[in-house]
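So the chains spell out like this:
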Amino acid sequence: MSRQSNSNSCIDFIFRVPKKLTFSTLYRYYFDFILRLLYRVILIDNVPKSVSETFLKMILYTQGKVCFLKGDLVGEDGSELLALNCTRADTPDVYYIPRKVLVTNPRLKKVYNLEPGTGCEIVYLSEPDKYALGEFGGGLYELIRRTAVMLADNDISINIAQKNTRLTNIVGADTQTTVDSIRAVICSMYEGDPTIVVKSSLIDKLQGIPILQTQSNQNLVQLIEVQQYIISHFYEQIGICTHDQMKRERLITAEINDNLDLAFLNIDDILESVKEGIERVNAMFGTTMSVRLNPIIERQRQQQAQQQLDDQSKASAEPDPEPDPDPDPDPDPDPDPDPDPDPDPDPDPDPDPDPDPDPDPDPDPDPDPDPDSDPDPDPDPDLDPDPEPGDPPILIDIKGDSNTIVIGGGEADVNPD
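Calculation criteria
- Residues numbered from 1 in each chain as written.
- Predicted model: local features only at pLDDT ≥ 70, side-chain atom pairs only at ≥ 80, totals over all residues.
- Heavy atoms only, no water.
- Helix = DSSP H or I, 4+ residues; strand = E, 2+ residues; numbered from the N terminus.
- Buried < 20%, exposed > 50% of the residue type's maximum accessible area, 1.4 Å probe, protein only.
- Contact = heavy atoms within 4.5 Å.
- Areas by Shrake-Rupley, 256 points an atom, 1.4 Å probe, with all protein chains shown as cover.
- Expected span 1.5 Å × (residues − 1).
- Arc of directions from axis to C-beta.
- Pairing = 2+ DSSP bridges.
- Salt bridge = Lys/Arg side-chain N within 4 Å of Asp/Glu carboxyl O.
- Axes fitted to C-alpha atoms, helices over the stretch in contact; angles between N-to-C directions.
- Parallel < 35°, antiparallel > 145°, perpendicular 65-115°, else oblique.
- Left-handed = near helix turned anticlockwise from the far one by under 90°.
- Nonpolar A, V, L, I, M, F, W, Y, C, P; charged D, E, K, R; others polar.

S.K.: Explain the overall build of the protein chain residue by residue, including any values.
M.R.: Regarding its fold elements, the protein chain presents 9 helices and 13 strands. Counting across all 417 residues of the protein chain, residues that qualify as buried make up 25%. Counted over contacts in the protein chain with a minimum sequence separation of 6, partners at least 24 positions apart contribute 62%. Only carbon and sulfur atoms are counted for the fraction: they give 53% of the accessible area of the protein chain, which is about 29,200 Å².

Listed below in structure tokens is the structure:
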């Protein structure tokens, strides 16, 4: 095969368009992507040429420990300082810390069974990694794997949502002729034809079935927010506070300060553990390596810490609002400016001038007449009111047979003429 053909095949491979995004491809991409992010968190200076800093960090982040030893490589004379992965060689001590480690590699002339502190030194990513019982998958491996899985799944969902936005309608057709007619109409519409003439039988077919719902774009935006949240959450897990808000208007100062405290604690723990291990390596092998935080991250956390101090100083400098000695000096200058649209100018000079014009409309069904008055003659003698208690009763007796009227017990002749 010629060099030209090799070049063409390489270019074809680079620009090969995948039919679709697969989970395995996305997972590998995001796993490497997260490792590249981690490589820039901690920087190791003065690393010997025989040690690969990239491999050192990869083993440190994915297994939680890396073994520094003097090893003999195949095809080379003399021992070189190497930083390789290792496994537990025997039963651990009472605290489950390995007493010996086993180092194997195809490029090594032999298998090394070494005791930490004597023939090698172990650098741990964090204190709990000393007690890890598993051979692999220590350090941040589970966090990296979980984040890569979530990002890959979400990427596939975003890709599906993107494709779904292309499909707006499904048009039904019973025959190929109808299919061709509908396709011609749709093509004319997309080309911008202002006037489209179709058969009346196609009108109902062209209405179609709406597929694109109003929530499709909203779902796509939510998936993008989830993508940002996953990455932000990963940063916070390794000790870099990003304050992802997920549609929240703002974060209160207390939440920001709490997040900063937790983030600084995490990253300080990792940095201190790696520094301690590198110092032991320097003491055993005479190297001058040093460990530091990435200046960008260091500057970011200093700004955040300064902001936290400023907020605290501002809060302490501002005196608490003292209680108002006169909490309401003028509580209501005009308590009732218009309590009554038509107030009484003289509310009640005479509280009850006529409290009850008719307090008892019928207190007595048969009241006593005024003795001094001259009441009207009673048209009905039967309804004559009772006489006063002091007067003797007047007896009136009418006898119709003799045409006589007896008053007071006497008789009198009544002449009808």
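Now that the structure has been shown, the text picks up again.
S.K.: Any details on helix H5 (residues 176–190)? Residues and values, ideally.
M.R.: The periodicity of an α-helix, 3.6 residues per turn, causes residues three or four places apart in sequence to face the same way. An ideal rise of 1.5 Å per residue puts 21 Å on 15 residues; H5 measures up with 21 Å between its terminal C-alpha atoms. Here H5 has its buried residues at Thr 178, Ile 182 and Val 185. Angularly, the buried residues of H5 cover 60° about the axis, an arc narrow enough to put them on a single face. Of the exposed residues in H5, those oriented more than 90 degrees away from the buried face are Gln 176, Thr 177 and Tyr 190. Downstream of H5 by one or two residues, Gly 192 has phi in the positive range, about 95°.

S.K.: Let's hear about the sheet that holds strand E4 (residues 87–88): which residues, and what values?
M.R.: Across the sheet, 3 strands lie side by side as E4-E5-E6; this open sheet has antiparallel pairing. In this open sheet, the two strands that pair with only one neighbour each are E4 and strand E6 (112–114). Bridging between strand E5 (residues 101–103) and E6 involves 3 bridges; their strand directions are antiparallel. Looking across to E6, one finds that Val 103 is bridged to Tyr 112.

S.K.: Talk me through the pattern of salt bridges; I want residue IDs and the actual numbers.
M.R.: Throughout the structure, instances matching the rule amount to 7 salt bridges. Glu 121 is paired through a salt bridge with Arg 280; the nearest N and O atoms lie 3.1 Å apart. Within this pair, whereas Glu 121 is found in strand E7 (residues 121–124), its partner Arg 280 is found in helix H8 (residues 253–285), the two being separated by 159 residues in sequence. On the basis of relative accessible area, Glu 121 is assigned to the buried category, the value being 9%. The partner of Arg 280 in a salt bridge is Glu 276, and the shortest N-O contact between them spans 3.7 Å. Residue Arg 280 and its partner Glu 276 are both found in helix H8; the two are separated by 4 residues, about one turn of the helix.

S.K.: Residue-level account of the pairing of strand E3 (residues 79–84), with values.
M.R.: On a regular strand, each side chain points to the face opposite its neighbour's, so the side chains alternate between the two faces of the sheet. As defined by bridge partners, strand E2 (residues 65–72) adjoins E3 across 6 bridges and the pair is classed as antiparallel. Paired with Cys 67 across the two strands is Leu 84, which belongs to E3. Between the antiparallel neighbours E2 and E3 lie 6 residues, among them Gly 75 with a positive phi of about 85°.

S.K.: Describe the sheet that holds E2, listing the residues and the values that go with them.
M.R.: Overall, antiparallel pairing links the 3 strands, which are arranged E3-E2-E7 in an open sheet. With partners counted over all chains shown, the strands left at the sheet margins are E3 and E7, one partner each. Ignoring strand direction, the axes of neighbouring strands in this sheet form an average angle of 25°. Each of E2, E3 and E7 is contacted by helix H3 (residues 53–63), which is oriented at about 140° to E2, the strand it contacts most.

S.K.: An account of unusual backbone geometry is needed here, citing residue identities and associated values.
M.R.: The backbone phi angle of Asn 46 is positive, close to 60°, even though this residue is not glycine. Looking at the element boundaries, Asn 46 is found in the loop between strand E1 (42–45) and H3. Residue Asn 46 is classed as exposed on the basis of its relative accessible area, which comes to 51%. A positive phi is found at Tyr 96, a non-glycine position, where the angle reads about 65°. The residue Tyr 96 is located in the loop between E4 and E5 in this model.

S.K.: Can you tell me about the packing of helix H2 (residues 23–39) against helix H4 (residues 141–164), naming the residues and giving the values?
M.R.: It is at 8 Å that the axes of H2 and H4 come closest, and there the two elements cross at 130°. Here H2 is positioned oblique relative to H4, judged by the angle of their axes. Regarding H2 and H4, the two cross each other, and that crossing is right-handed. Across the interface between the two elements, Phe 23, Leu 26, Tyr 27, Tyr 30, Phe 31, Ile 34, Leu 35 and Leu 38 of H2 pack against Tyr 141, Ile 144, Arg 145, Thr 147, Ala 148, Val 149, Leu 151, Ala 152, Asp 153, Asp 155 and Ile 156 of H4. Of the residues that constitute the contact of H2 with H4, the class distribution is 15 nonpolar, 1 polar and 3 charged.

S.K.: Explain the side chain of Asp 155 residue by residue, including any values.
M.R.: Residue position: Asp 155 is located in helix H4. Setting aside residues up to four positions removed in sequence, Asp 155 forms contacts with Leu 26, Tyr 30 and Gln 227.

By themselves these figures say nothing about function.
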